[in-house]
Amino acid sequence: MFEIKTYPEFSWSLSRHKTLMHCARQYAHQYYTSHNGWLRNAPEWNKQAYRLKNLTNLEMYFGSVVHDIIEQVIENYLNTGILPEETELTENVRMLLNKGFIDSTRHYNYWIERPKKTTMFHELYYGQTKQLPKEKVEKITHRLNVAMKHFLSSKTMQELAYNEQIEFLEAEKFRILEVGKLKVFVVLDLLYKDLDRNKWVIVDWKTGKQSEEDPYQLALYVLYLLQAYSIPDLNSIVIRNEYLLEGNSVEHQLDQVTLEKVQELIGTSVEWMTGYLEEPSENKPLSIENFPKTSDQRACRYCNFYELCFS
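Residues numbered from 1 in each chain as written. Predicted model: local features only at pLDDT ≥ 70, side-chain atom pairs only at ≥ 80, totals over all residues. Heavy atoms only, no water.

Colleague: Is there a simple way to think about the pairing of strand β4 (residues 190-194) in this case?
Modeller: A regular strand places its side chains so that they alternate between the two faces of the sheet. The buried count for β4 comes to five of five residues, which makes it a mostly enclosed element. Burial along β4 is two-sided: L190, Y192 and D194 facing one way and L191 and K193 facing the other are all buried. When strand β1 (residues 166-170) meets β4, the two strands line up antiparallel, connected through four bridges. Paired with E170 across the strands is L191, a residue of β4. (Buried < 20%, exposed > 50% of the residue type's maximum accessible area, 1.4 Å probe, protein only. Helix = DSSP H or I, 4+ residues; strand = E, 2+ residues; numbered from the N terminus. Pairing = 2+ DSSP bridges.)

This is the structure in structure tokens:
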């Protein structure tokens, strides 16, 4: 039974950590002000924060659409052995992009009432226009033209298509990693076992450029894998980033030192987050004034919660 709680349950994720590093005020709105904002009788402040939390931008929306389609393609392939053509997949992505644009330009009232079920682009909401920035359209058009081609020719899909000794395990599911008593949320894009090589393969699809933070996310996946499955050692785990923009894959081999560093990061981050709580046992935050805004006001223009800070 769903229980309405005054304060959200505390958990940790890399995205939560990155948000706090970027701006404590954004962190407060993302994880506290927006809580219960979906309830009809919630204060308007919380409803507004919840709506803004559900804004997306063109790059993020493109990434989520591509991930959803890839999940469907792999699931269907495992059941039928059939892979669709690149043109079909590209057209499916294009149709969903168009749907997001139509939602954002014609269904404002639907978004106000059901922000989690309706798409609203940050660029259109704050731009107060029905035209997306030309440079962004060009960037996403390029990604649209290469993403599905690179997906179908990726090392992962070649393995799934031509290696009969593959055991599919899970994809795109929220999982909980226990670090002490702390819940750490992870989402594996794809996990399978190569029975021929006796390797566990974690795949992370990337629709943007390579980032220095990618190994941290992969380390969390490894910690989850070690906890959830009986794996003899780290050498049995292959971690692979598939970069769909460039069309290349990068494999990583993590060692125990790296995993320990990530766990130290979690511990330090949690201490930092706890410093913003009035009552840690309830995850009750301090008042909003205790969450300072970033000093980089140029970054504020791209924040979902801009109007809460500057209106």
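Colleague: Would you explain the packing of helix α1 (residues 14-22) against helix α2 (residues 24-33) in this entry?
Modeller: In a pair of packed helices, the angle between the axes and the distance between the axes together describe the arrangement. Taken N-terminus to C-terminus, the directions of α1 and α2 make an angle of 140°; their axes are 6 Å apart at the nearest point. Taken as axis vectors, α1 and α2 run oblique relative to one another. Viewed along their axes, α1 and α2 form a crossing whose handedness is left-handed. Along its contact with α1, which presents S15, R16, T19, L20 and H22, the element α2 presents A24, Q26, Y27, Y31 and Y32. Residue classes in the contact of α1 with α2 are distributed as five nonpolar, four polar and one charged. (Axes fitted to C-alpha atoms, helices over the stretch in contact; angles between N-to-C directions. Parallel < 35°, antiparallel > 145°, perpendicular 65-115°, else oblique. Left-handed = near helix turned anticlockwise from the far one by under 90°. Contact = heavy atoms within 4.5 Å. Nonpolar A, V, L, I, M, F, W, Y, C, P; charged D, E, K, R; others polar.)

Colleague: Sorry, what's going on with the sheet that holds strand β5 (residues 199-206) here?
Modeller: Pairing between the strands of a sheet comes from backbone hydrogen bonds, and it takes one of two forms, parallel or antiparallel. Overall, mixed pairing links the five strands, which are arranged β1-β4-β5-β6-β7 in an open sheet. Both outer strands of the open sheet, β1 and β7 (248-252), are each paired with one neighbouring strand and no more. Strand-to-strand twist of the sheet, defined as the mean angle between neighbouring strand axes without regard to direction, takes the value 25°. The pairing of β5 with strand β6 (residues 237-243) spans seven bridges and is parallel. Note on β6: the bridge partner recorded for V203 is R240. Along the sheet face, helix α10 (residues 214-228) touches β1, β4, β5, β6 and β7 and points at about 145° away from the line of β6.

Colleague: Got a minute to help me understand the nonpolar core in this structure?
Modeller: Considering soluble globular proteins, one finds that nonpolar side chains tend to be buried as a cluster. W12, Y27, I202, L220, V222, I237 and I266 are the most contacted members of the largest nonpolar core, which totals 38 residues. At the level of elements, α1, α2, β3 (182-188), β5, α10, β6 and α11 (256-274) are the ones that each hand at least two residues to this core. With sequence-adjacent residues up to four places away left out, V222 is seen in contact with I202, L234, I237, I239, L254 and L259. Core analysis: the next-biggest nonpolar cluster, separate from the first, contains 32 residues, L124, I166, L190 and Y192 among them. (Core = buried A, V, L, I, M, F, W, Y, C linked by side-chain atoms within 4.5 Å.)

Colleague: Looking at this structure, how should I read a nonpolar patch on the surface?
Modeller: Residues F174, I176 and F185 make up a contiguous nonpolar surface patch of roughly 310 Å² in combined accessible area. Along the chain, F185 falls in strand β3. Assessed through its relative accessible area of 31%, F185 is described here as partly exposed. (Patch = residues over 30% accessible without salt bridge, like charges linked within 9 Å, V, L, I, M, F, W, Y side chains within 5 Å. Areas by Shrake-Rupley, 256 points an atom, 1.4 Å probe, with all protein chains shown as cover. Salt bridge = Lys/Arg side-chain N within 4 Å of Asp/Glu carboxyl O.)

Colleague: What exactly am I supposed to notice about the pattern of salt bridges here?
Modeller: It is possible for side chains bearing opposite charge to pair when their charged atoms get close. Counting across every chain of the model gives 16 salt bridges. For the salt bridge of K139 with E59, the shortest nitrogen-to-oxygen distance reads 2.8 Å. Placement of the pair is K139 in helix α8 (residues 134-152) and E59 in helix α4 (residues 58-80), with a sequence separation of 80 residues. Exposure remark for K139: the relative accessible area of 34% places this residue in the partly exposed category. Counted as one network, the salt bridges with shared partners bring together K155, E159, D194, R197, R240 and E251.

Colleague: So what exactly am I meant to see when it comes to the packing of α1 against α11 here?
Modeller: The geometry of α1 relative to α11 is characterised by a closest axis approach of 11 Å and an angle of 55° between their N-to-C directions. Classified by the angle between their axes, α1 and α11 sit oblique to one another. Two packed elements cross with a definite hand, and for α1 against α11 that hand is left-handed. Residues R16, H17, L20 and M21 of α1 pack against L265, S269, W272 and M273 of α11. For the contact of α1 with α11, the residue count by class is five nonpolar, two polar and one charged.

Colleague: When you look at the packing of aromatic side chains in this model, what are you seeing that I'm missing?
Modeller: Centre distance and the angle of the planes are the two values used to describe a pair of aromatic rings. Across all of its chains, the model carries 13 aromatic pairs by this definition. Clustering of aromatic rings is evident, with ring pairs tying together Y108, W111, Y125, Y126, Y306 and F310. A cation over a ring is seen here: R16 above Y31, with NZ or CZ 4.5 Å from the ring centre. (Phe/Tyr/Trp six-rings, centres within 6.5 Å; stacked < 30°, edge-to-face > 60°. Lys NZ or Arg CZ within 6 Å of the ring centre and 35° of its normal.)

Colleague: Explanation requested: unusual backbone geometry in the structure shown.
Modeller: With glycine set apart, most residues show a phi of negative sign, and most peptide bonds adopt trans. One non-glycine residue, N36, adopts positive backbone phi at about 70°. In this fold, N36 is placed in the loop between α2 and α3 (44-53). On the basis of relative accessibility, which here comes to 12%, the residue N36 falls in the buried class. In this structure, N283 takes a positive phi of about 55° despite not being glycine. Among the structural elements, N283 can be located in the loop between β8 (277-279) and β9 (284-285).

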